[in-house]
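Okay, here's what each chain looks like letter by letter:
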Amino acid sequence: MDLKLLDAEPTLEEREAVDAAIGAPTSAWDGGERGTHRDAHTALGGASVRNRRHELVPALQSLQARVGWISEGGLGYVCERLGVPPADAWGVATFYALLATTPRPRRVLHVCSDIACARKAHGVELALEASVGPPISGAPSGDSIILGDDEAAWMHSPCLGMCDMAPAALLTVAGETPVERLCGNITPDRASGLLARRRVRSTSADILYVEQRLATTTPYATVPDSSASAPIPQLGDPSLVLLKRVGVVDPTSLESYRAAGGFEALQRALEMGAEAVVAEVSASKLVGRGGAAFPTGRKWEAVRTQPAQPHYLVCNADESEPGTFKDRLLMTHDPFAIVESMTIASFAAGCSRAYLYVRAEYPLAYERIANAIARCRDAGVFPSGFDIELRRGAGAYICGEETALFESIEGKRGEPRSKPPFPVNSGLFGKPTVVNNVETLANVIPILLMGGTEYAKIGTAGSTGTRLFCLSGAVRKPGVYEVPCGTSLRSLLELAEVREMSALLLGGAAGNFLRPDEIDVELSMEGARAANATLGSGVVLAFDEQTDLHHVVRRIAGFFRDESCGQCVPCRVGTVRQEESLHRLAHGRPIGGVAGELALLEEVGVAMRDASICGLGQTAYAAVESAIKRLRLYEGMA
Amino acid sequence: MTSAIAPLVQLGRPDRTPKKMVSLTIDGHGLEVPEGTTILGACASLDIEIPTLCYLETLRPVNVCRLCVVEVEGARVLAPACSRLVEPDMTVHTASPRVRHSRKLVLELLASSVDLSTTAGMTELLESYDCRPERYGPPAPPAANRDAAIPGHHAAPDPAFAATVAQPVKIDNELYVRDYTKCVLCYKCVEACGPDHQNTFAIAVAGRGFDARISTELAVPLPDSACVYCGNCIAVCPTGALMAKDEHDLRAAGSWDPSSQQVTDTICPYCGVGCTLTLHVQDGDIVKATSPLENSITLGNLCVKGRFGWRFVQNRSAPRA
Ligand SMILES: Cc1cc2nc3c(=O)[nH]c(=O)nc-3n(C[C@H](O)[C@H](O)[C@H](O)COP(=O)(O)O)c2cc1C
Ligand code: SF4
Ligand code: SF4
Ligand code: SF4
Ligand code: FES
Ligand code: FES
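In every chain, residue numbers begin from 1 and rise along the written sequence. By the order in which they are written, chains take letters starting at A while ligands take numbers starting at 1. Reporting in this predicted model follows two pLDDT cut-offs: at least 70 for local features of residues, and 80 or more for side-chain atom pairs to be given and counted; totals over whole chains, interfaces and linings ignore these cut-offs and use all residues. Excluded from the side-chain calculation are hydrogens and water; included are all heavy atoms of the structure.

## Focus on the domain arrangement of chain A
All names here are of chain A. The split into domains, and so the bounds of each, comes from an automatic or database assignment of domains. Taken as a whole, chain A is organised into domain 1 (12-93), domain 2 (107-195), domain 3 (254-455), domain 4 (458-543) and domain 5 (549-629). On a C-alpha basis, the centres of domain 4 and domain 5 stand 24 Å from each other. Listed by partner, the interface residues are nine residues for domain 4 and eleven residues for domain 5. Each partner contributes to the roughly 770 Å² buried at the junction of domain 4 and domain 5, and carbon and sulfur atoms together form 75% of this total. Ranking the residues of domain 4 by area buried against domain 5 places A509, A510 and F513 at the top, with a combined share of 65%. We count a salt bridge whenever a side-chain nitrogen from Lys or Arg sits within 4 Å of a carboxyl oxygen from Asp or Glu. Counting the contacts that link domain 4 with domain 5 gives zero salt bridges. Here a polar contact means two N or O atoms within 3.5 Å. Within protein one must be a hydrogen donor candidate and the other an acceptor candidate, and residues neighboring in sequence count only if both atoms are side-chain atoms. At the boundary of domain 4 with domain 5, the tally comes to two residue pairs in polar contact (both at pLDDT 80 or more). Broken down by secondary-structure element, the contributors of at least two residues to the side of domain 4 that touches domain 5 are β12 (503-506) and β13 (512-514). When its residues are assigned to classes, the side of domain 4 that touches domain 5 shows six nonpolar, three polar and no charged. Residue contacts are defined here by distance: any two heavy atoms, one from each residue, within 4.5 Å place the two residues in contact. Summed over both partners, the accessible area lost on bringing two parts together, with a 1.4 Å probe, is the buried area. Each helix is a run of H or I in the DSSP string that is no shorter than four residues. Each strand is a run of E no shorter than two, and both are numbered from the N terminus. Under the scheme applied here, ten amino acids are nonpolar (Ala, Val, Leu, Ile, Met, Phe, Trp, Tyr, Cys and Pro), four are charged (Asp, Glu, Lys and Arg), and all others, including Gly, are polar.

## Considerations on the sheet that holds strand β6 (residues 311-317) of chain A
Residues and elements named next belong to chain A. In this analysis, strands are considered paired if DSSP registers two or more bridges between them. Overall, parallel pairing links the four strands, which are arranged β8-β7-β6-β9 in an open sheet. Each edge of the sheet is formed by a strand with only one pairing partner; in this case those strands are β8 (387-392) and β9 (433-437). Each strand of the sheet is rotated relative to its neighbour by a mean of 20°, with strand direction disregarded. Relative to strand β7 (residues 351-358), β6 runs parallel, the two sharing seven bridges. Within β7, the position partnered with L313 by the bridge is A354. Angles run from 0 to 180 degrees between N-to-C directions of axes, and those axes are lines fitted to C-alpha atoms, restricted for helices to the stretch in contact. Relative to the sheet, helix α12 (residues 296-304) contacts β6 and β9, its axis offset from that of β9 by approximately 160°. Contacting β6, β7, β8 and β9, helix α14 (residues 335-349) runs over the sheet at an angle of about 140° to β7.

## Topic: helix α15 (residues 363-378) of chain A
Since one α-helical turn is 3.6 residues long, residues separated by three or four positions face the same way. Residues and elements named next belong to chain A. The terminal C-alpha atoms of α15 lie 23 Å apart, and with 16 residues this matches the ideal 22 Å at 1.5 Å per residue to within 8%. Taken together, the buried positions of α15 are occupied by P363, L364, A365, Y366, E367, R368, I369, N371, A372, I373 and C376. Immediately beyond the C-terminal end of α15, within one or two residues, lies G380, with a positive phi of roughly 70°. Any helix carries an expected span of 1.5 Å times its number of residues minus one. In this scheme, a residue with accessible area under 20% of its type's maximum is buried, one over 50% is exposed, and one in between is partly exposed, where area comes from a 1.4 Å probe on protein chains only.

## Thoughts on the pattern of salt bridges
Going through the model one piece at a time under the given rule, you end up with 53 salt bridges over all chains. Note that D19 of chain A is salt-bridged to R81 of chain A, the shortest N-O span being 2.9 Å. One end of the pair, D19 of chain A, is in helix α1 (residues 12-22); the other, R81 of chain A, is in helix α5 (residues 72-82), and 62 residues separate them in sequence. As far as the burial class goes, D19 of chain A and R81 of chain A line up, both buried. Notably, a salt bridge pairs D172 of chain B with R178 of chain B, separated by 2.9 Å at the nearest N-O pair. Overall, D172 of chain B belongs to the partly exposed group, its relative accessible area being 23%. Within this structure, E13, E16, R66 and R106 of chain A form a network of salt bridges that share partners.

## What to know about α5 of chain A
All names here are of chain A. Most of α5 is tucked away, with nine of its eleven residues classed as buried. Three or more residues of α5 are buried, namely G73, G74, L75, G76, Y77, V78, C79, R81 and L82. Buried residues along α5 sit against α1, α3 (47-50), α4 (56-67) and α6 (86-93). Positioned one or two residues after α5, G83 has a phi angle of 65°, which is positive.

## A few points about the site of ligand 3
Throughout, near means a residue has at least one heavy atom within 4 Å of the molecule or strand. In the region of ligand 3, the neighbouring residues are Y176, C193, T200, C227, V228, Y229, C230, G231 and C233 of chain B. When its residues are assigned to classes, the shell around ligand 3 shows seven nonpolar, two polar and no charged.

## Thoughts on the environment of A79 of chain B
All names here are of chain B. Note that A79 resides in strand β4 (residues 79-80). Classification of A79 as buried rests on a relative accessible area of 1%. Considering only alpha carbons, one finds A79 and P221, 142 residues apart in sequence, at a separation of 38 Å.

## Side note on unusual backbone geometry
All names here are of chain A. Here the amide bond leading from A166 into P167 is cis, since omega sits at 0°, within 30 degrees of zero. Across the junction of P420 and P421, the peptide omega takes the value 5°, indicating a cis bond. The residue P421 is located in the loop between α16 (402-409) and β9 in this model. If you check the backbone angles, K285 has positive phi at about 60° while not being a glycine. Structurally, K285 can be placed in the loop between α11 (274-284) and α12.

## So, the domain arrangement of chain B
One frequent convention defines the size of an interface as the accessible area lost when the parts assemble. Residues and elements named next belong to chain B. Along its sequence, chain B is organised into domain 1 (1-140) and domain 2 (176-314). Facing 24 residues of domain 1, the contacting portion of domain 2 comprises 24 residues. Between domain 1 and domain 2, roughly 2,000 Å² of surface is buried when both sides are summed, and carbon and sulfur atoms account for 65% of that area. Linking domain 1 with domain 2 are one salt bridge, by the criterion used here. The shortest N-O distance in the salt bridge between D196 and R60 comes to 2.5 Å. Applying the counting criterion to the domain 1 and domain 2 interface returns seven residue pairs in polar contact (both at pLDDT 80 or more). Considering only residue class, the side of domain 1 that touches domain 2 consists of 13 nonpolar, seven polar and four charged.

Below is the structure:
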């Protein structure tokens, strides 16, 4: 392919950033120095360059982390190195929220304005408006904007997966040693301090929880506040299965994990053989915890028996469903278990390579998993020929959808594919692929240790095992809870010491609202189905009497509008029309009266559900519908 | 871009490998079609018409517009007829209330946000589905610059208006005009410019959600992009968002009149490939050059010379010595 490249030259810093991510160029053919003897006599390119397409996003991420945005020169250099047409790369760069394609200060605070944080973050936002100015919400105006190194900015962010420590914020500082810090329990003073590089001394009323990458110069530090001193509220409970090592083992130490019984399941799996492992998982009746509840054993068996090679395993750690933070907890506090589970799953389905795709907003989880992979590799834990590659998201909820995730790993825009073909037939790089959620995989270890049939005795007949639930909002003890499937929602809420509440959101933004009198629903698939609800990703977000539920519903609609990939008409335009309708209701300017507006919402909602390509559009009306029909939120409105 | 579901149809190069036959039922009619046929193809053999917008015989289906959805019994959601392959014993409904509802909404959502005035057949389609795009509110005025949107952020909706993609027309070269107020984001131009035909990759989809748009890198004007002005994107654009400048100017002057145009097939005089050229002549002037989609050599494509290089024919100024 003959590329027309961009004219602008990269800066030295940009060149270094790209080379750090994808290696230095080897010849003039891929952006290196001209004139070596070899260059003049060989043509390099074609497939060898096209096969590097999957390095596009890491290269762009490296530019972002180093310089704070992707300039024309930087983009051009990436295109030259990887043989990607500039327009194509531009399409990718402009897809992801954490990649900036216009000048942006190096220091940016992303303040969560999502469901659990919105009200609590209000003071923070006011303080930032006063000290730094309005949030970034579009490209800066003016042609050339020169930014000083000390400049800072802030912007709104969707759910950061820290709802149990609301309000949350993510600090990103671009530079030679980039800083990424995920902070919970932020205060107005602390937020301004983070941005101003001012040291704010902690007082008992001003303590925040920080998760930061080790790679930065300052060592990783967790400053737990009173509620977060134990990573989980159930610490020490002997009935824990998935969480039993959380807060007990040293998450950075392979020895500590091994001492806690680590790698026994893998050992057993290797002895049993792939077929037997799949049989155990099938016998356990484990179903996916990522939202779709597909039988895991069936998925593995389908890939195991595929003649096409190689097979891939993808661990879906994109966890961006508002209200969800269970996978972050598992990866941060028990990373070796995730690596072990991925190894077992790969062995069972015959995958020679596995990927773990973690959302960019989880710096510490990324760090811990990277460490665990490296330690396991060094210690020879992996079967020969097997390896795990870690990839990071770049700010896109849709990349949690399995086929969008494949596109993202392949270096493209995160646009979901049409199914069929299904991933087990044609997934990552067009090969048979197992894709599983982090929590799903975590179940594999107890299944192998206790045996599939024994595992299936936990929970109900239709929903086996335990499940993780993410409790936040109007509860005194927010956090991740593990209970057997079939536990009643009421007893879960009691565990978390729920306060007076006006409603709750079950299953996330793609789930449903429930009334306080509906909490006797049984937390199993069949129980949820009977209650016309879904467990989704295990979100249980309780709202107190002071919460403006109308605002919450509008926020959910806004979330789907922001996160729609934009491919298909029902979702791309439908999410806009849905949000507009809710805003007209809020402004007391409904078209055709409240009844007319609700009818319109229903019509749009049904089309989104029926005709959208993927689960995002198909569920974009779910929560809104439940607010209308279950909470009767709009009844009696003029 | 989504991966292909149905194989790219190479017109003029029929696939002669023997196929298993698949029997299915469409709207109560039983039929047998070769394995690998799309539901759309099966419907065609029954003369059941399915509206399409992002589908074209010469491009890989992207199945994004969702206008062609049909109901497959037993499936949770509707299926795109243009790309879903037939399966044994499938029962398909192409005009059920569910199907008609989604098609109507797709049409309304588009018509309320996009200028469909030059989309062929759209007036009839909107009528046949009883569409009332005005029920979403008055269309919002044009945005100054839709290329500046950043992903994951949008301004709170204005309760007085329904958002639109309206924006200034992009006229940055002598050959063709990009009026993205008319763009339905069918991806056809991107496919034609990219892997399906031209392999120039001058344009791509940028941004996401409602802010998604067809763009060159950094939204630079076409002359600064990789564009080679083959016009193959114009040839596949169903909405007139991409339009040759001559046609655009004639329309602006109110003198574009397809009914008076004489259409003649000839062979492009420039090179030895011998592409079939279809000349559209109005009042004695060539006003447009296309190539037939079903032509096995061009598949509707031309190069800059065939597409735009015929002005010398009607250059009436005295030849230079
Ligand atoms: C819009 C959307 C977002 C999703 N996000 C996630 C996610 O963050 N994590 C996840 O595991 N699954 C997510 N899923 C579900 C995946 O597509 C897929 O079903 C899942 O990863 C399969 O793993 P499981 O069988 O272990 O649940 C999402 C689905 C949709 C439609
Ligand atoms: S439903 Fe939404 S997110 Fe999914 S493919 Fe369509 S536009 Fe993209
Ligand atoms: S004219 Fe040709 S090269 Fe230019 S954008 Fe259209 S298809 Fe691509
Ligand atoms: S410009 Fe035309 S061909 Fe391209 S996406 Fe828009 S409507 Fe489709
Ligand atoms: S972290 Fe703010 S809503 Fe989840
Ligand atoms: S024509 Fe089938 S989805 Fe567009």
